[in-house]
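Observations on chain architecture
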Amino acid sequence: MALKAVLFDFNGVIINDEPIHKQLIEQLLIEENLRPIPGEFEEVCLGRSDRVCLAELLKRRGRFVSETYLLQLMQRKAQAYQQELEKIINLPTYSGLEDLIFQTRSHQLKLAVVSGAMRSEIELVLQRLNLTQYFSVLVGGDDITTSKPEPDGYLLAVERLNQLYPELGLQPGECIAIEDTPAGVQAAKTAKIPVVGVANTYPFHMMQRQANWAVDYLNQLDLEWVQQVLSKADSQATVAEC
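Residues numbered from 1 in each chain as written. Predicted model: local features only at pLDDT ≥ 70, side-chain atom pairs only at ≥ 80, totals over all residues. Heavy atoms only, no water.

Put simply, the rule is: UniProt positions are given in the numbering used here, feature names are shortened, and annotations may be inferred rather than shown by experiment.
The chain is annotated in an unreviewed UniProt entry as HAD family phosphatase of Scytonema millei VB511283. Annotation of the chain in UniProt includes, under Sequence similarities (unreviewed entry), the sentence "Belongs to the HAD-like hydrolase superfamily. CbbY/CbbZ/Gph/YieH family." Taken verbatim from the UniProt record of the chain, the Cofactor (unreviewed entry) comment is "Mg(2+)".

In structure tokens form, the structure reads like this:
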């Protein structure tokens, strides 16, 4: 089985912006006359979409809002996020990102982003980092109604890559996902996509236990080696079927 595509998570893999999101979520709660609770952002929001994060935080406080109001909250946060990024001259990315993207280009692999972040946020960051041209498909939190650990975002990314490149005939097993949270790892695995856990947000040993492979830094991922592993696994499966 050939490796054809690499699907990147966004927050915690491409951009190191979780502190910004935590600040903005807590500010939204305060604006709603609700009190932030220490540790709750990490428990509820890491690896999940703004939709699910905000809905759960409100629910825990006895607030049940309409879909329209929830979308308004998401838009308010997205606008505040853009304003925060405008204050930053050099956006904080993770070590090894450029090296990994160079590897993917050398192997002529398709790239996509699969994230719970709003599409506008993803587009803004990729544009600021001069990476827009490398990612053929973007799946954001406003493209789907579910959130990781559900697999819908990954399945949609595969579908959109096949729509864009019909000759690719892409199957989930011909991709790898790069994730930094347990929810993201579970989403990729449920979609039948092998997943690399990068220890940007959680410790290496936790990623190693949950993902197919784990790395400390993105440039430690050897795509040639991944290709060999996938090919070997495919050969063993073929022999087992005979």
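With respect to the packing of aromatic side chains
Between two aromatic rings, the relevant description is the distance of the centres plus the angle of the planes. Applied cut-off: Here is the rule: rings of Phe, Tyr and Trp (six-membered ring for Trp) pair when centre to centre is within 6.5 Å. Planes less than 30 degrees apart are stacked, more than 60 are edge-to-face, and the remainder are tilted. The helix and strand labels rest on DSSP assignments: H or I over at least four residues marks a helix, E over at least two residues marks a strand, and numbering proceeds from the N terminus. For the exposure calls, accessible area comes from a 1.4 Å probe over protein chains only, and a residue counts as buried if that area is under 20% of its type's maximum, exposed if over 50%, partly exposed in between.
Scanning the model with the defined rule gives two aromatic pairs in all. Ring geometry for phenylalanine 8 against phenylalanine 135: centres 5.4 Å apart, planes inclined by 80°, an arrangement best described as edge-to-face. Of this pair, phenylalanine 8 sits in strand E1 (residues 5–8) while phenylalanine 135 sits in the loop between helix H6 (119–128) and strand E3 (137–139); the two residues are 127 residues apart in sequence, bridging distant segments of the chain. Classification of phenylalanine 8 by relative accessible area gives buried; the value is 0%.

So, the sheet that holds E1
To summarise the sheet geometry, strands pair through backbone hydrogen bonds and adopt either a parallel or an antiparallel arrangement. To keep things clear, this is the line we draw: When DSSP finds at least two bridges between two strands, those strands are taken to pair. Each axis is a line fitted through C-alpha atoms, taken for helices only over the stretch in contact, and angles between the N-to-C directions span 0 to 180 degrees. Any two residues whose heavy atoms approach within 4.5 Å are treated as being in contact.
As summarised here, the arrangement of the six strands in space is E3-E2-E1-E4-E5-E6, forming an open sheet in which the pairing is parallel. The sheet is open, and its two edges are formed by E3 and strand E6 (213–215), each paired on a single side. Strand-to-strand, the axes of this sheet are offset by a mean angle of 20°, without reference to chain direction. Bridge analysis of strand E5 (residues 195–198) against E6 gives three bridges, and the strand direction is parallel. When the bridges of E6 are listed, valine 196 appears paired with tryptophan 213. Against the sheet, helix H5 (residues 97–106) makes contact with E1, strand E2 (110–114) and strand E4 (175–179), and its axis sits at roughly 155° relative to E1, the strand it touches most.

Digging into the state of the cysteines
How we decide: Disulfides are defined as cysteine sulfur pairs within 2.5 Å.
Taken as a whole, this structure holds one disulfide when the rule is applied. The disulfide partner of cysteine 45 is cysteine 53, and the gap between their sulfur atoms is 2.0 Å. A torsion of 60° about the S-S bond marks the disulfide between cysteine 45 and cysteine 53 as right-handed.

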